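Fold and contact review
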Amino acid sequence: MTLSLEGRLALVTGASRGIGRAVALELAGAGAHVVALARTQGALEELDDDIRRLGGEATLVPCDVKDSEAIDRLGAALHDRWGHLDILVANAGVLGPITPIGHVDPKQWDNVLAVNLTANYRLLRSLDPLLRASDAGRVVFVSSGAGHRAEMRPYWGPYAITKAALDAMARTYAAETATTSNVVVTVVNPGPLRTRMRAAAMPGEDPESLKTPEDLAPVLVALCAPEHRDTGKLYDFPTDRMLSFQGPA
Ligand code: NAP
């Protein structure tokens, strides 16, 4: 059966390329109105053209996720126009420097934290009431296995640290919304996918050996449907498993 998200309202951050773009197209193809956020306006306009070709509709938000006031204004604008938000795909992210932790430039440190972590907190701060106002608010945080495998990823400090913290934020939000709302929260580990970020991280790798954002998109979008009700879990795309977070024994 084809998934229908007819009439649902979805915000995707980092929608200009890579995973976010593929997810935005998949959501629109399933009938959702997509609010597409990224900095690169031209790429958002190309996405808009592609969504229209599918018979879908999009609203473009060219902005930097670090612009907290813009994120607050976005929440107010969504409230005024729709009064709720059904789907948030918090996907925008940066790799940051690959270098020993003690060598990380403070400005780069601040930037990775601002994009990968603080921006997602500001999104929740702005959008939580709208997600709770939905009859089935669905939030997907696009994270990474790097946060769980820090000992196997020396030199990836800022990225791994922010993704581990993002997972903790997602679990906190899942716990806060579980019994007081219809919001369901999922963390997704995409695994290695053929995108610009992966190419920057692994320049020697053959991109053709990797799965693509288009492979992930239908699976991720299924987690945005009202039928998906399992909150506070980690979906691991490489193994196609829904995992529970585990503490120390
Ligand atoms: P990508 O191709 O580099 O795309 C990143 C997206 O984030 C772009 O749309 C970019 O848009 C947006 N973005 C970055 N900084 C932003 C900012 N300050 N404000 C607004 N938007 C911003 O990377 P990707 O591989 O698709 O990554 C997407 C997510 O998947 C990230 O969170 C990443 O950590 C995660 N992930 C990827 C892989 C992988 O193998 N690809 C593996 C694990 C996790 P603009 O530049 O237009 O702003």
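Before reading further, recall that the structure is shown in the block above.
Quick caveat, the model's predicted, so the values are computed rather than measured.

Turning our attention to the site of the ligand. Taken together, 30 residues lie near the ligand, and Arg39, Thr40, Asn91, Tyr159 and Thr195 sit nearest. One of the side-chain N or O atoms of Thr40 is found 2.5 Å from an oxygen atom in the ligand. A distance of 2.9 Å separates a nitrogen atom of the ligand from a polar atom in the backbone of Val65. Starting from 880 Å² of accessible surface for the ligand in isolation, the protein chains cover 96%. Counting residues per element, the ones that place at least two in the shell around the ligand are helix H1 (18-29), helix H5 (157-178) and helix H6 (196-201). Top contributing element to the shell around the ligand by residue count: H6, with three residues. Of the residues assigned to the shell around the ligand, the class counts are 14 nonpolar, 10 polar and six charged.

Spatially, S3-S2-S1-S4-S5-S6-S7-S8 is the arrangement adopted by the eight strands of the open sheet, whose pairing is mixed. With one partner strand each, in any of the chains shown, strand S3 (58-62) and strand S8 (241-243) form the two edges of the open sheet. Between one strand and the next, the sheet's axes are offset by a mean angle of 20°, whatever the strand orientation.

The rules behind each value
Residues numbered from 1 in each chain as written. Predicted model: local features only at pLDDT ≥ 70, side-chain atom pairs only at ≥ 80, totals over all residues. Heavy atoms only, no water. Near = heavy atom within 4 Å. Polar contact = N/O pair within 3.5 Å; in protein donor to acceptor, adjacent residues only side chain to side chain. Areas by Shrake-Rupley, 256 points an atom, 1.4 Å probe, with all protein chains shown as cover. Helix = DSSP H or I, 4+ residues; strand = E, 2+ residues; numbered from the N terminus. Nonpolar A, V, L, I, M, F, W, Y, C, P; charged D, E, K, R; others polar. Pairing = 2+ DSSP bridges. Axes fitted to C-alpha atoms, helices over the stretch in contact; angles between N-to-C directions.

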